[in-house]
Amino acid sequence: KLKQRQQFSFAIYRDLTTKDNQVIRSYKYGNIVGISSLLAKYNLTTIYKDIYNVQLDKQTEKKEYNSSYETIAKEINGYELFLEPKNKNGIILSDTLVEYIYKSLEERRAIIHYYEEKTKNKLKEDKIITGKDLEEFEIIPIKIEGYEVVDDKVIKGAFKKDVQEFEIYYRKVILPVV
């Protein structure tokens, strides 16, 4: 983003006296470039967005160079503040962006499916677990009579915006003939 630069001219003089008492006036001319940045107003933009980078609200105001600013979190219906920016307060030296991050209070879902390994037949009704954004969960495979878990690892995760689905596979236990 280019800013138009204003230019101001100046002249400085000094009087010099020679050996024979003559006065000579010496001038120095020049330009000052960029002083307009000290006089300019800059944008202070505060963005309120969710953890998925969806903008929930935005405010922009003009502030003078070298002025202090303070921003505050907003109450946003259905959301709670998740992360407060380090630059929520400061001094305006250029256009400034401040971002507050929120997470939804909406219930998120994860679905667990229980299948037989070879036939892919459903062995048990799906289990649905719920929680809030970024709330962590653990899924421990359940015991199903006559079957054993193929991979008995505990599944760990965190609730997200989209529904998550997990599949746990079982194999039929073959009892030895006596």
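Use the structure listed above.
Below is a summary of the structure that appears in this document. What you see as residue numbers is a count from 1 along each chain, following the sequence as written. Selection of residues for local features in this predicted model requires a pLDDT of at least 70, selection of side-chain atom pairs for listing and counting requires 80 or more, and totals for whole chains, interfaces and linings are taken over all residues. Note that water and hydrogens are dropped before the side-chain values are worked out from all heavy atoms of the structure.

1. Some thoughts on the overall build of the protein chain
Rules: Secondary structure elements are taken from DSSP: a helix is a run of H or I of four residues or more, a strand is a run of E of two residues or more, and numbering for both begins at the N terminus. The buried label goes to any residue with under 20% of its type's maximum accessible area, the exposed label to any with over 50%, and the partly exposed label to all in between, with areas taken from a 1.4 Å probe on protein chains only. Here a residue-residue contact requires only that any non-hydrogen atoms of the pair lie within 4.5 Å. Calculation of accessible area relied on Shrake-Rupley with a 1.4 Å probe; when residues are assessed, cover is drawn exclusively from the protein chains displayed.
A tally of helices and strands in the protein chain yields 1 helix and 14 strands. Looking at the protein chain as a whole, 24% of its 178 residues qualify as buried. Within the protein chain, counting contacts between residues at least 6 apart in sequence, those at least 24 apart form 51% of the total. A total of about 13500 Å² of accessible surface is found on the protein chain, and carbon and sulfur atoms cover 49% of it.

2. Section: the sheet that holds strand 10 (residues 122–131)
As a reminder of what qualifies: When DSSP locates at least two bridges between a pair of strands, those strands are taken to pair. To obtain each axis, a line is fitted to C-alpha atoms, and for helices this fit is confined to the stretch in contact; angles are then taken between N-to-C directions over 0 to 180 degrees.
The mixed open sheet is built from 4 strands, whose spatial order is 10-9-14-12. Strands with a single pairing partner mark the edges of an open sheet, and in this sheet they are strand 10 and strand 12 (147–149). Across this sheet, the average inter-strand angle for adjacent strands is 30°, counted without regard to direction. Relative to strand 14 (residues 164–172), strand 12 runs antiparallel, the two sharing 3 bridges. Along strand 14, the bridge assignment pairs E148 with R171.

3. Notes on the pairing of strand 8 (residues 96–104)
Across the 9 residues that make up strand 8, a large majority, 7, are buried. Summarising the sheet, strand 3 (residues 41–50) and strand 8 pair through 7 bridges and their orientation is parallel. Across the sheet, Y48 pairs through a bridge with Y100, a residue of strand 8. Looking at chain direction, strand 6 (residues 79–83) and strand 8 are connected through 4 bridges and run antiparallel. Its bridge partner being in strand 8, E80 is matched across the sheet by K103.

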